[in-house]
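# Breakdown of the fold
What follows is the residue order along each chain.
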Amino acid sequence: MIYALVFIGSFLVIFVIVGGRTVLKNRSVRKFVRSVKQRVNSAEERGAQFVQESPADKPDTNSRSTAIQLQKVRTLINAAERAEARDKLEEAESCYIQALTAYPDAHEAHAQLAKLYLNMGRDQKAEAMYRELLTKIDDASCYSNLGLAYYRQGKFDRACASYQKALERDPQSHKRMAAFGRALFASERFGEAMLHLERATARISRDTELLRLLAESCEKSGDNEKAFEVYKKINKLEPYDEEVKNKIANATQ
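To keep things clear, this report deals only with the structure shown in the data block. Quantities reported herein were computed from a predicted structural model and do not represent experimental measurements.

## Remarks on helix H9 (residues 190-203)
In this model, H9 (14 residues) spans 20 Å end to end at C-alpha, consistent with the 20 Å of a helix rising 1.5 Å per residue. The complete set of buried residues in H9 reads Phe190, Ala193, Met194, His196, Leu197, Ala200 and Thr201. Against helix H7 (156-169), helix H8 (174-186), helix H10 (208-220) and helix H11 (224-237) lie the buried residues of H9.

## Considering the packing of aromatic side chains
Applying the stated criterion across every chain, the model contains two aromatic pairs. Taking the centre distance of 5.3 Å and the plane angle of 65° together, the rings of Tyr151 and Phe156 count as edge-to-face. Residue classification places Tyr151 among the partly exposed residues on the basis of a relative accessible area of 30%. Aromatic side chains Phe185 and Phe190 sit 5.3 Å apart centroid to centroid with 70° between the ring planes, which places their arrangement in the edge-to-face category. With relative accessibility at 17%, the residue Phe185 sits in the buried group.

## So, helix H2 (residues 63-85)
An α-helix turns once per 3.6 residues; consequently, residues spaced three or four apart project the same way. In this model, H2 (23 residues) spans 33 Å end to end at C-alpha, consistent with the 33 Å of a helix rising 1.5 Å per residue. At its buried positions, H2 is contacted by helix H3 (89-102) and helix H4 (107-119). Directly after H2, the chain includes Asp87, whose backbone phi takes a positive value near 65°.

Parameters and conventions
- Residues numbered from 1 in each chain as written.
- Predicted model: local features only at pLDDT ≥ 70, side-chain atom pairs only at ≥ 80, totals over all residues.
- Heavy atoms only, no water.
- Helix = DSSP H or I, 4+ residues; strand = E, 2+ residues; numbered from the N terminus.
- Expected span 1.5 Å × (residues − 1).
- Buried < 20%, exposed > 50% of the residue type's maximum accessible area, 1.4 Å probe, protein only.
- Contact = heavy atoms within 4.5 Å.
- Phe/Tyr/Trp six-rings, centres within 6.5 Å; stacked < 30°, edge-to-face > 60°.

In structure tokens, the structure reads:
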């Protein structure tokens, strides 16, 4: 009888201990879950967004909507070109801006607006537009026009860099060679200017303005013999230019 009572008492003690541990464990779990919910709710109240761990579906491209946008852009570009032809530059500007608002990736409208600013003498705006456009496309004409925008603002080193990139993309263009040569001359890089101006004048042999720059580059680089030859070419094209005659006379003394 005594052994039975001891056995039953031991069983009850063990049951109480195990049950107590289970209750405490469940309370701890509930407390943890409540704290997680509180943190999530607090984050949601602060505007945080939570992404489910599932693959995101790619949005379907609405080709019809894109086609409508492109048609609107083309219509606005045509309207802008007609406005430019009538010298209504502000109207043209407005059309290009509307085109870019309708479709920000309309690179043609972007390039046309940048060129419009260049033609209007708004060189800072043209610079900003071309710099932004060249982060999206790689185009020799855009680099060349950016070079011109820099050149007009007296940023000759930057102009040289832009013209060089234009020439790298279009190495056969004598116009780009000439523009690069002018920028090099303005940057007082006379030796480099001489090389590029010589290449340009080989293709544009009757451009006396370029020939003068070439002759001056030769003089400043210390190559007086080559300068003399260039002045003789200018003299043949403009025989009544007294300054050139004096240069030739001084070289022969």
